[in-house]
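Chains, contacts and geometry: an overview
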Amino acid sequence: LLALCPRLETVSLVVSWFGGDLRVAQCQVRPKVEDAAIDGRPLAWRAGGIGRGQAAEVVRDQGRPVYGGTPADDSVLEAILAMRGRGLQVVFYPFVLMDQLAGNGLLDPWTGSAHQPNLPWRGRITLSVAPGRTGTPDRTTGAGAEVASFFGTAQPTHFAITAGQVVYSGPDEWSYRRFILHYAKLCALAGGVDAFCIGSELRGITQIRGAGDTFPAVQALRQLAADVRAILGSGCKITYAADWSEFASYSDGQGNLHFHLDPLWSDPNIDMVGIDNYLPLSDWRDGEDHADSHWWWI
């Protein structure tokens, strides 16, 4: 990467855990491995407070894992130290991958179908019945309870550093807070990072409304930002990477426009507005009248 981009200054380090249900209250977020039986040598796999024997496997298609597994905590530490040793700034980017396959038998909250889509986007995680559908708990206390189940109750005090490892002693849950706080503590163990993202593209979750048209996930992200700040200190920039369709506002289809993320963007623990938006770097369409056609090939 440095050979290709000699003026490189900043690298995003993406580390994934896996979700398996589009219904927010049923969606556990946990580290997974490609093979639960064969460990590495001399560096044994350990992530999220568990060893390989306790980890679930990534789902397989025709006998092959559909994703690479969660990297071992020790390899994440090595990566952070190696990048900082080369003078690079490190942005830590925890990433949720959904790994349910076709024919999964999970009720689709958006359509009521007996199966959720194959390998869906995490931005589709929503309530047990999606907003706008008959029977949705949106705009009720029940919606807040479903969101609370996803975020969980893990606290910074549940994570300790023992013998160079992050050890978890909190509730037996694979929750979103456990995911994020584990890596905040791991980054602290590495000596810190320049920026830390508390999540990305959770559009369907941040748009869930509780009673009184509150947005419980937004408040949960604000609390998470405060907890990460307490772990990583004032020298680390903290943000949430909103989807391009999510960062500004939410139109509920009933004539109401909510600036639902404004409390997050204005929170004192958030340093910048994060936007995930994949704009093209070139114009390469069919035909001969596009902006980059004079190059002849991409």
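Data block above holds the structure.
What this report covers is the structure whose coordinates are included nearby. (Residues numbered from 1 in each chain as written. Predicted model: local features only at pLDDT ≥ 70, side-chain atom pairs only at ≥ 80, totals over all residues. Heavy atoms only, no water.)

Of all hydrophobic cores here, the largest spans 68 residues; its most connected members are Phe92 and Phe196. The element that contributes the greatest number of residues to this core is helix α5 (residues 216-232), accounting for nine residues. Excluding anything up to four places from it in sequence, Phe92 contacts Leu13, Val15, Val76, Ile80, Tyr183, Cys187, Val193, Ala195, Phe196 and Cys197. (Core = buried A, V, L, I, M, F, W, Y, C linked by side-chain atoms within 4.5 Å. Buried < 20%, exposed > 50% of the residue type's maximum accessible area, 1.4 Å probe, protein only. Helix = DSSP H or I, 4+ residues; strand = E, 2+ residues; numbered from the N terminus. Contact = heavy atoms within 4.5 Å.)

Glancing now at helix α1 (residues 73-85). Given a rise of 1.5 Å per residue, 13 residues ought to cover 18 Å, and the 18 Å separating the end C-alpha atoms of α1 matches this to within 8%. Buried within α1 are the following residues: Asp73, Val76, Leu77, Ile80 and Met83. Around the axis of α1, the buried residues are gathered within 135° of arc, so they sit on the same side. Residues of α1 that are exposed and point more than 90 degrees away from the buried face comprise Glu78 and Gly85. (Expected span 1.5 Å × (residues − 1). Arc of directions from axis to C-beta.)

At the junction of Arg41 and Pro42, the peptide bond is cis and its omega measures out at 0° in the coordinates. Examined against the element boundaries, Pro42 turns out to sit in the loop between β3 (32-33) and β4 (46-47). Although it is not a glycine, Arg139 adopts a positive phi angle of roughly 75°. Structurally, Arg139 is set in the loop between β9 (89-98) and α2 (141-151). For Asp213, which is not glycine, the phi torsion reads 55° and is therefore positive. By the secondary structure assignment, Asp213 is in the loop between α4 (203-206) and α5.

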